[in-house]
Amino acid sequence: VDIVLGPLLTLAVYKKAKPRLVLDLTIIAVIQLSALVSGTWVVYSEHPTLVVFIEDHFKPITAYQVNEAGVTADAVKQLSKHHPPIAFLDLPNEADAMQALLKKLIAEQRPLSLVGELYRPLTESNMKKIRHAAVDMDSALKDRPEDMAKYQHYKKQNVDTVNDVIYIPLHSRYIYSMAVVDRNTLRLVDVLDILVNPKNTADESNDKQLSVQAQFF
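Here the structure is a predicted model, which means the values were calculated and not measured.

Criteria and cut-off values
Residues numbered from 1 in each chain as written. Predicted model: local features only at pLDDT ≥ 70, side-chain atom pairs only at ≥ 80, totals over all residues. Heavy atoms only, no water. Salt bridge = Lys/Arg side-chain N within 4 Å of Asp/Glu carboxyl O. Buried < 20%, exposed > 50% of the residue type's maximum accessible area, 1.4 Å probe, protein only. Helix = DSSP H or I, 4+ residues; strand = E, 2+ residues; numbered from the N terminus. Phe/Tyr/Trp six-rings, centres within 6.5 Å; stacked < 30°, edge-to-face > 60°. Polar contact = N/O pair within 3.5 Å; in protein donor to acceptor, adjacent residues only side chain to side chain. Contact = heavy atoms within 4.5 Å.

## Concerning the pattern of salt bridges
Line of reasoning, step 1. Per the counting criterion, the structure on display carries seven salt bridges.
Line of reasoning, step 2. Note that Glu108 and Arg110 form a salt bridge whose closest N and O atoms lie 3.2 Å from each other.
Line of reasoning, step 3. Glu108 sits in the partly exposed class, given a relative accessible area of 39%.
Line of reasoning, step 4. For the salt bridge of Asp147 with Lys150, the shortest nitrogen-to-oxygen distance reads 4.0 Å. Of this pair, Asp147 and Lys150 both sit in helix H8 (residues 145-157), three residues apart, which is roughly one turn of that helix.
Line of reasoning, step 5. Asp147 sits in the buried class, given a relative accessible area of 15%.
Line of reasoning, step 6. Overall, the relative accessible area of 40% leaves Lys150 in the partly exposed class.

## Brief notes about the packing of aromatic side chains
Line of reasoning, step 1. Inspection of every chain in the model, using the stated rule, returns three aromatic pairs.
Line of reasoning, step 2. Taken together, a centroid distance of 5.6 Å and an interplanar angle of 75° make the contact between Phe53 and Phe58 edge-to-face. Phe58 carries the same exposure label as Phe53, and that label is buried.
Line of reasoning, step 3. With centroids separated by 6.0 Å and ring planes inclined at 15°, the aromatic side chains of Phe53 and Phe88 adopt a geometry described as stacked. Pair noted here: Phe53 is in strand E1 (residues 48-54) and Phe88 is in strand E3 (residues 86-89), with a separation of 35 residues, a long-range link.

## Quick word on the side chain of Arg110
Line of reasoning, step 1. Assignment of secondary structure puts Arg110 in the loop between helix H5 (95-108) and strand E4 (119-120).
Line of reasoning, step 2. For Arg110, the side chain forms a polar contact with the side chain of Glu108, separated by 3.2 Å.
Line of reasoning, step 3. Within the structure, Arg110 has its side chain in polar contact with the backbone oxygen of Leu114 (distance 3.4 Å).

## So, the environment of Asp147
Line of reasoning, step 1. Placed ten residues apart in sequence, Asp147 and Met137 show a C-alpha to C-alpha distance of 9.7 Å.
Line of reasoning, step 2. If we ignore the near neighbours within four places in the chain, the residues touching Asp147 are Leu141 and Ile194.

## Description of unusual backbone geometry
Line of reasoning, step 1. Note the cis peptide between His83 and Pro84, where omega equals -5°.
Line of reasoning, step 2. Mapped onto the elements, Pro84 comes out in the loop between helix H4 (73-79) and E3.
Line of reasoning, step 3. Phi is positive for Gln109, which is not a glycine, with a value near 55°.
Line of reasoning, step 4. Among the secondary structure elements, Gln109 is positioned in the loop between H5 and E4.
Line of reasoning, step 5. Located in the positive-phi region is Leu186, a residue other than glycine, with phi close to 65°.
Line of reasoning, step 6. With respect to the helices and strands, the residue Leu186 is situated in the loop between strand E6 (176-182) and strand E7 (188-192).

Written out as structure tokens, the structure reads:
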């Protein structure tokens, strides 16, 4: 739109002997420049600048959402050395504390992913919890031939590194997919267009997990 807007408007109004032609062309130039600036801002504000691990999945956070979470750009860089950086959402372990947090967030109409005060860096303990959320793709896709074909194709294309990665659900605003991350560093390697539910089973789920899944995303 930004590229074709100016030429189209110029074509519509241009007549060599037209009075006020310079004024018309100036207005067109201003409109095109405004559209270009607006488009640039949208692209910047919507690009992921942080990935947060929430309970059993990753959630990308855009530039404007980082501001809503009350986290500065410098603080984001301190969370991890990855690009984009990865943060661990440190949720309360006690059921009462978790319920209190959820009630507060519902009252504030604030999603769990934007609780910036609970963002934590990737310590070894946090990384271990993230690895625990890895999905066994062969088991998860055994009854889904189309998705299994996508997964097998990816493995064939990356045969040298396939044993060095794990797969964790990635929940973005518009689509759910699978993040392919390095097993050791948890660096984001790739994204697979495959939807797999988080790893939690009925035996592993507790009140905190059920509340999180019911109230957010």
